[in-house]
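Topology and contacts: notes
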Amino acid sequence: MNGIIPTIQLETNLTSMLNASELEKIATQDYRQMSAYLIGQISERDLLDTEEQNIFHIEIQREITVQPLIAKKLVIVLKATRLCNLRCTYCHSWAEGPNQTMSFEIMAIIIHKILSIPNIKRFEFVWHGGEVTLLKPLFFQKLIWLQQKFKKPEHHITNSMQSNVVNISDDWLSFIKGIGMHVGISLDGVPAIHDSRRVDYRGRGTSQRVALGIEKLKRHNIPFGALIVVDKQVYKTDHRKMLDYFIKIGLNNIEFLNIVPDNRIPSGDKIDSSYITYADFISFLTQIFIIWWNEYRTKIVIPQFSDFIHAIKFPGTQLAACYWSENCSQEVITIEPNGNVSPCDKYVGDANSQYGSLLKNDLANLLANSRHNQTARREEQDVFNKMRQCRWFYLCQGGCPHDRVINRRHVVGYQDDCCGTGKLLAVIAEFLDKEQNTVLS
Ligand code: SF4
Ligand code: SF4
């Protein structure tokens, strides 16, 4: 918390009433809540232009009735903008031209509707793009301000962001630090792989600029981690070289995500050559786990592993990632700049995966009337009957439903009685047992 600067960044007189050295002692979670609260205290005249003030007055006076969700929390992946400074070779997310960024009016309507859902108390907003740092921090200051205006006392709201951190500005660094936010970075492994696909609009690789972005985050003492997409190339990389590279650039918190095939390819048709099956992904994670456990566990944090270790040691622990939540079809949504809602990004391109506009309907209705969402819900309900006999079901809950659908569609001989994660969990348990026995002997 060194050098936290809410008094400068939050531009509110209230902060001058707080002692800066006291602020540094506040726990991260409390600090984030407090900084959001302080943003909510900024007067509308100091934050909004005249048109935005009018929009806000209309929205705050609008009485709306919203149906409850079949969920305990809601994760909102907010595609604040589709504009992007990169042109990653596999990406269909970026867009150019007008109307690619969420307007203040749409933002106000969405925040109002989301925070009016009667039975949800926890809301996790993920700022996503395109590239969110192409927008000014003021955009997100207004977003937090709106959250504070529409939140109820029992609500717990979190914000995090996903960025390529290429060209992250000083203004952004100060803002992120000011609000105490965690940054998720997108990275595709070692430079030889990353630079062949995560390229800018001139086709130049970006690994050096990502490393520079990481250096800046570290210099500002901003918490961050990276998401590494695992395809065939990453799968085949020398794992030690990859982990050494992450350590070299100061990246010591990573998660792995398996690549998504083109969702439009039907069963039996040829699939993209970079795709790896879920079984291969689990085999990759297992190899990484063994190396990590023996050589890297004091140098690099891999929450996927530490969460499983904790949950095996302390049964009943709730795992954080969506994959093991059993109800993501009701708990995770993506919102486009125009207010349209869809499931998580893994379903991009899947038939009927657009739920409709949140501007014209409420979320519970959109989910209930979507054939795609109802199929996903049935899939989640069925999994219990199909997989409950598995020793590891209490932990994995059948894993990611998208992976199950893709396995069934493309993997010859796929059995519906195990999602595949059990093989990794068995290895983790074996290593924990060995350690326990060594301690006891
Ligand atoms: S940075 Fe993200 S949104 Fe931009 S092109 Fe790459 S994957 Fe797509
Ligand atoms: S489909 Fe998979 S990746 Fe998407 S929210 Fe559900 S568990 Fe997470």
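Residues numbered from 1 in each chain as written. Chains lettered and ligands numbered in written order. Predicted model: local features only at pLDDT ≥ 70, side-chain atom pairs only at ≥ 80, totals over all residues.

This brings us to the overall build of the chain. Counting secondary structure elements, the chain contains 20 helices and nine strands. On C-alpha atoms alone, the chain measures out to a radius of gyration of 22 Å, which is about the 22 Å that the 2.2 N^0.38 rule sets for 441 residues. Across its three principal axes, the chain shows a C-alpha extent of roughly 60 × 50 × 50 Å. (Helix = DSSP H or I, 4+ residues; strand = E, 2+ residues; numbered from the N terminus. Rg over C-alpha atoms; globule rule 2.2 N^0.38 Å.)

What follows covers the site of ligand 2. The immediate surroundings of ligand 2 are formed by Cys 322, Tyr 323, Cys 328, Val 332, Cys 344, Lys 346, Cys 400, Pro 401 and His 402. Split into classes, the residues belonging to the shell around ligand 2 amount to seven nonpolar, one polar and one charged. (Near = placed C-beta within 6 Å. Nonpolar A, V, L, I, M, F, W, Y, C, P; charged D, E, K, R; others polar.)

We now examine the nonpolar core. Core analysis: the largest hydrophobic core is formed by 85 residues, its most contacted members being Ile 76, Ile 111, Phe 123 and Ile 185. Broken down by element, the residue count for this core peaks at eight residues, all from helix H13 (residues 278–296). Among the nonpolar cores identified, the runner-up in size contains ten residues, and Tyr 323, Trp 324, Val 383 and Met 387 belong to it. (Core = buried A, V, L, I, M, F, W, Y, C linked by C-beta atoms within 7 Å. Buried ≥ 20, exposed ≤ 12 C-beta atoms within 10 Å, placed from the backbone.)

Turning next to helix H3 (residues 28–40). Along its 13 residues, H3 runs 18 Å from first to last C-alpha, staying within 8% of the 18 Å computed at 1.5 Å per residue. Taken together, the buried positions of H3 are occupied by Arg 32, Ser 35, Ala 36, Leu 38 and Ile 39. Across the axial projection of H3, the buried residues extend over an arc of 160 degrees, all falling on one side. Away from its buried face, by an angle of more than 90 degrees, H3 presents the exposed residues Gln 29 and Asp 30. (Expected span 1.5 Å × (residues − 1). Arc of directions from axis to C-beta.)

Neighbouring residues of ligand 1: Cys 84, Leu 86, Arg 87, Cys 88, Cys 91, Ser 93, Trp 94, Gly 129, Gly 130, Glu 131, Asn 164 and Ser 186. Along the lines of polarity and charge, the residues of the shell around ligand 1 split into five nonpolar, five polar and two charged.

In terms of strand pairing, strand S1 (residues 73–79) meets strand S2 (residues 122–128) through seven bridges, oriented parallel. Considered in S2, the bridge of Val 77 is made with Val 126. Inspection of the sheet shows S2 paired to strand S3 (residues 156–163) by six bridges, in the parallel sense. From the neighbouring strand, Trp 127 faces S3, where its bridge partner is Met 161. The parallel pair S2 and S3 is bridged by helix H7 (residues 137–150), and the resulting crossover is right-handed. (Pairing = 2+ DSSP bridges. Right-handed = clockwise from strand over helix to strand, strands pointing away.)

This part is about the confidence of the model for the chain. Here the chain averages 91 in pLDDT, while 94% of its residues score no lower than 70. With pLDDT under 50 throughout, residues 1–15 is counted as low confidence; its partners more than four residues away or in other chains account for 35 contacts. (pLDDT = per-residue confidence, 0-100. Contact = placed C-beta atoms within 7 Å.)

Structurally, Asn 373 is set in helix H17 (residues 371–387). The spacing of Asn 373 and Ile 302 is 71 residues in sequence and 31 Å in space, taken between C-alpha atoms. When neighbours within four sequence positions are excluded, Asn 373 is seen to be in contact with Ser 329, Pro 343, Tyr 355 and Leu 367.

The next subject is the sheet that holds strand S7 (residues 332–335). Reading across the sheet, the nine strands line up as S6-S5-S4-S3-S2-S1-S7-S8-S9 and stay open at both edges, with mixed pairing between neighbours. Because the sheet does not close on itself, it has two edges, and the strands there are strand S6 (254–258) and strand S9 (356–357). In the sheet, S7 pairs with strand S8 (residues 340–342) via two bridges, with the strands oriented antiparallel. In the sheet register, Thr 334 faces S8, and the bridge partner there is Ser 342.

A word on the pairing of S1. Between S1 and its parallel partner S2, the chain crosses via helix H6 (residues 104–114), and the hand of that crossover is right-handed. As judged from the four bridges shared by S1 and S7, these two strands associate in the parallel manner. Within S7, the residue paired with Leu 78 across the bridge is Ile 335.

Running from N to C, H17 and helix H19 (residues 401–410) cross one another at 90 degrees; their axes reach a closest spacing of 10 Å. Judged by the angle between their axes, H17 and H19 are roughly perpendicular. For the pair formed by H17 and H19, the contact residues are Ala 376, Glu 379 and Glu 380 on the first element and Pro 401, Arg 404 and Val 405 on the second. Across the contact of H17 with H19, the residue classes tally to three nonpolar, no polar and three charged. (Axes fitted to C-alpha atoms, helices over the stretch in contact; angles between N-to-C directions. Parallel < 35°, antiparallel > 145°, perpendicular 65-115°, else oblique.)

Within the fold, Glu 96 resides in the loop between S1 and H6. Judged by local crowding, Glu 96 falls into the exposed class, with 9 C-beta atoms found within 10 Å.

In this section: the packing of helix H12 (residues 239–248) against H13. Where H12 meets H13, the axes come as close as 10 Å, and the angle between the chain directions of the two elements is 55 degrees. As summarised for this structure, H12 and H13 are arranged oblique, according to the angle between their axes. Regarding H12 and H13, the two cross each other, and that crossing is right-handed. Judged by residue contacts, His 239, Arg 240 and Leu 243 of H12 engage Gln 287, Ile 288, Ile 291 and Tyr 296 from H13. Taken together, the residues of the contact of H12 with H13 sort by class into four nonpolar, two polar and one charged. (Left-handed = near helix turned anticlockwise from the far one by under 90°.)

Right, let's get into unusual backbone geometry. Across the chain, the bulk of peptide bonds are trans and the bulk of non-glycine residues have phi less than zero. Across the junction of Gly 129 and Gly 130, the peptide omega takes the value 20 degrees, indicating a cis bond. Within the secondary structure, Gly 130 sits in the loop between S2 and H7. Of note in the backbone geometry, Asn 99 takes a positive phi value of approximately 60 degrees without being a glycine. Following the sequence through the fold, Asn 99 ends up in the loop between S1 and H6.

Here we come to the environment of Val 66. Note that Val 66 resides in the loop between helix H5 (50–61) and S1. According to the C-beta neighbour criterion, Val 66 is partly exposed, with 18 such atoms within 10 Å. Taking the C-alpha atoms as reference points, Val 66 and Lys 313, 247 residues apart in sequence, are found 41 Å from one another. In this view, Val 66 contacts Lys 113, Ser 116, Ile 117, Pro 118 and Asp 362; residues no more than four positions away in its chain are not counted.

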